[in-house]
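The chain contents come next:
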Amino acid sequence: MSYCGQSDVEAASRHQHLVLSPARPEAFRMDCKMLLAAVLLAVACLTSPAQAAFTCPKTAYAVENQNTPKCPTTLANDIKTQQTAADKVKADVAKAKSQMTADKQSLESSLNLEKSKRAAAATKVTGLMTKATALQTAATAATTAATGTQAAITNLKRQMQLLKQKVNSLEAKANAAKPAGTGTTGTTGTGTTGTGTTGTGTKPGGTTGTGSTGTGTTGTGTTGTGTTGTGTTGTGTTGTGGTGGATKPTHPQDCGLIHKQNPSKPSGLYSTKVPGETNFVITYCDMTTDGGGWTVIQRRKAATPSFDRPWNDYKNGFGQPMDSFWWGLEKVYKVTKGENFRLRIEMEDTQGLKKSAVYDNFRIDSELNKYKLTVGKYSGNAGNALMTHNGIKFSSNDQDNDDYIPDSCAKAYRGGWWYNDHCFDANLNGYYSDKNPTGSSGFWLPFNGYKGLKASAMMIRHMDYNPPKSG
Ligand SMILES: [Ca+2]
């Protein structure tokens, strides 16, 4: 304990000095005075209140309390502490800033990388799309080639059949040529006298002429060797009708008649009549080919319209007469019924080479007989491809009337036609491809095999009308 700033030791020291000095009266008097003063001081001290206790707060204390035993910390220290803390925060901020800058650069470089990746991917996609288009084109070409190959196989099969028939025929001939055995001498045959029928000719002007009765010659039997001879029967010749004025048309107005009435009329669309029909038909007349006067019944020169169509479309016709079209089987039947028409087919290959095939006595049967085709004598330079289609029914993608057992040729070749036992040697209505540079509408095998045609046209003209060929 201490009082008035004096420690217990100091007080004790003063008391000891007082006790140890009784032999000196001056000193004793001085000591008494001092003792009195001390007592007075003590009384004063005891009567004054004790100083209040001070506790140093941990923060924010006044300047006068700094650096005391109770508050050893100074504001300067506090500032230093704050400064240190601030420096630390500043360093942290700088560090964070630097990290952010680094992060930003990293993100930017990532972004640029992604951008370049994206650009590369876009280029790749474009490349792949180009490749896909090329593959698509190749696939289409392959399909076309496959169709051709299929037709080639069918044709080879047919050729093999023909060769087999030839071999059989040659074998039969070889057998016949073998030396004959010994037979009896044949007797002389006697032919009967033939009788001609009365001829009937159409007189120009419409009257009927009457021919004379023909007389047959007597047949003569040949003398057989080994076998008995037989006389042949004589045949009478048919009489011929008389002659008259101008030919009366036996069929209604068609391209031939229009041309005959005015040979200077140009090729184009005309109103024509079909026997048994009341309405006129808009028909394309070819007034230049081989003298003109041709009724065009088929034209193919583009991929549209499609020829992959059902029976009724082929029956009634489709397309535009100035472009690609099919006139209609019913019209062709009615026009050619009981008449002698000539069929002319004009073709052009993909190189621009043009050829034609002409058939006399062209007609088709009624719908009941599936518009069966009849063609007669062939002429032209494209080859006699329609010969194997003679007597063949018409087929469409919904009617398989062909002679090819395993499949529907109309479905396989995507067009209506008179398909035979190996589908075709000629087919002008098959799938038209315009994917290759020049296109192909069909086939005429003796012309250019399976290369395909760029264009074709089928036209008919009455065989009675033979206009003078111009040029
Ligand atoms: Ca079939």
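Our subject is the structure listed above.
Bear in mind that the values here come from a model prediction, so they are computed numbers and not experimental data.

The rules behind the values
Residues numbered from 1 in each chain as written. Predicted model: local features only at pLDDT ≥ 70, side-chain atom pairs only at ≥ 80, totals over all residues. Heavy atoms only, no water. Donors = N, O, S within 2.8 Å, 3.2 Å for Na, K, Ca; no water. Tetrahedral: all angles 85-135°; square planar, octahedral: opposite > 155°, others 65-115°. Buried < 20%, exposed > 50% of the residue type's maximum accessible area, 1.4 Å probe, protein only. Disulfide = S-S within 2.5 Å. Helix = DSSP H or I, 4+ residues; strand = E, 2+ residues; numbered from the N terminus. Core = buried A, V, L, I, M, F, W, Y, C linked by side-chain atoms within 4.5 Å. Patch = residues over 30% accessible without salt bridge, like charges linked within 9 Å, V, L, I, M, F, W, Y side chains within 5 Å. Areas by Shrake-Rupley, 256 points an atom, 1.4 Å probe, with all protein chains shown as cover. Salt bridge = Lys/Arg side-chain N within 4 Å of Asp/Glu carboxyl O. Pairing = 2+ DSSP bridges. Phe/Tyr/Trp six-rings, centres within 6.5 Å; stacked < 30°, edge-to-face > 60°. Lys NZ or Arg CZ within 6 Å of the ring centre and 35° of its normal. Polar contact = N/O pair within 3.5 Å; in protein donor to acceptor, adjacent residues only side chain to side chain. Contact = heavy atoms within 4.5 Å.

### Observations concerning the coordination of the calcium ion
Every protein donor of the calcium ion is listed here as D400 (OD), D400 (OD), D402 (OD), D402 (OD), Y404 (O) and D407 (O), and their distances to the metal cover 2.2 to 3.1 Å. Between the six donor atoms coordinating the calcium ion, the angles at the centre fall across 46 to 158°, so the site counts as irregular. Looking at Y404, the relative accessible area reads 14%, which means it is buried.

### Looking at the state of the cysteines
Overall, the coordinates contain two disulfides when judged by the stated rule. The disulfide partner of C409 is C423, and the S-S distance across this bridge is 2.0 Å. The chirality of the disulfide connecting C409 with C423 is left-handed, given an S-S dihedral of about -80°. In this pair, C409 is assigned in helix 7 (residues 409-413) and C423 in the loop between helix 7 and strand 14 (426-427), connecting sequence segments 14 residues apart. Judged by its relative accessible area of 2%, C423 falls in the buried class.

### Details of the nonpolar core
In terms of nonpolar packing, the biggest core is built from 54 residues, with L343, L386, W418 and W444 touching the most fellow members. A total of five residues in this core trace back to one element, the largest contributor, which is strand 16 (residues 453-462). The next biggest cluster of nonpolar side chains, apart from the first, holds five residues, and it includes C255, I258, Y270 and M287.

### Looking at a nonpolar patch on the surface
A cluster of nonpolar side chains, namely L269, I282 and M322, defines an oily patch on the protein surface of about 280 Å² accessible area. Take L269: it is sitting in strand 5 (residues 268-272). You can call L269 partly exposed: its relative accessible area is 39%.

### Some words on unusual backbone geometry
A cis amide bond links T304 with the next residue in sequence, P305, at an omega value of -5°. Among the structural elements, P305 can be located in the loop between strand 7 (294-300) and helix 5 (311-316). The backbone of N361 sits at a positive phi, close to 50°, despite the residue not being glycine. One can find N361 in strand 11 (residues 354-364). Owing to a relative accessible area of 28%, N361 belongs among the partly exposed residues under this scheme.

### What to know about the pairing of strand 16
Most of strand 16 is tucked away, with nine of its 10 residues classed as buried. Looking at chain direction, strand 7 and strand 16 are connected through five bridges and run antiparallel. Directly across from V296, in strand 16, lies its bridge partner M459. Bridge analysis of strand 10 (residues 341-349) against strand 16 gives nine bridges, and the strand direction is antiparallel. The residue bridging R342 from the neighbouring strand is R461, located in strand 16.

### Comments concerning the packing of aromatic side chains
Within the structure shown, the criterion is met by 15 aromatic pairs. For the ring pair W326 and F394, a centre distance of 6.0 Å and an interplane angle of 35° mean the geometry is tilted. Here the residue W326 occupies a position in strand 9 (residues 325-326), and F394 occupies one in the loop between strand 13 (378-380) and helix 7, the gap between them amounting to 68 residues. Using a relative accessible area of 0% as the deciding quantity, one classes F394 as buried. Aromatic pair Y413 and F424: ring centres 4.9 Å apart, planes at 80°, arrangement edge-to-face. In this pair, Y413 sits in helix 7 while F424 sits in the loop between helix 7 and strand 14, placing the two residues 11 residues apart along the sequence. Ring-pair connections join several aromatic residues into one group, and the members of that group are F307, W311, Y314, F318, W326, Y371, F394, W417 and W418. The ring of W327 has K331 sitting right over it, with the charged end atom 5.9 Å from the ring centre. Positioned above the aromatic ring of Y431 is the side chain of R414, whose terminal nitrogen or guanidinium carbon lies 4.0 Å from the ring centre.

### Focus: the pairing of strand 10
Burial analysis of strand 10 places eight of its nine residues in the buried class, which makes it a mostly covered element. In this sheet, strand 11 lies alongside strand 10 in antiparallel orientation, the contact comprising seven bridges. Residue pairing for strand 11: L343 is matched across the bridge by Y359. Between strand 10 and strand 11, which pair antiparallel one after the other, the connecting turn spans four residues, and G352 there sits at a positive phi close to 90°.

### A closer look at the side chain of N401
Along the chain, N401 falls in the loop between strand 13 and helix 7. Here N401 falls in the buried class, since its relative accessible area comes to 17%. Engagement of the side chain of N401 in a polar contact is seen with the side chain of Q399, the distance being 3.0 Å. For N401, the residues in contact, after removing those within four places along its chain, are W311, K370, K393, F394 and S395.

### A closer look at the pattern of salt bridges
By the definition in use, this model includes nine salt bridges. For K334, the salt bridge identified is with E277, shortest N-O distance 2.6 Å. Of this pair, K334 sits in helix 6 (residues 329-336) while E277 is found in the loop between strand 5 and strand 6 (281-286), placing the two residues 57 residues apart along the sequence. The partly exposed category is assigned to K334, whose relative accessible area is 23%. A relative accessible area of 33% places E277 in the partly exposed class. Linking D360 and R342 is a salt bridge whose minimum nitrogen-to-oxygen distance equals 2.8 Å. In this pair, D360 is assigned in strand 11 and R342 in strand 10, connecting sequence segments 18 residues apart.

### With respect to the environment of V335
You can see V335 is positioned in helix 6. Once the C-alpha coordinates of V335 and P275 are considered, the two residues, 60 residues apart in sequence, prove to be 6.2 Å apart. Leave out the neighbours within four places in its chain, and V335 touches V274, P275, W327, F341 and I460.

The analysis is restricted to geometry; functional conclusions fall outside its scope.
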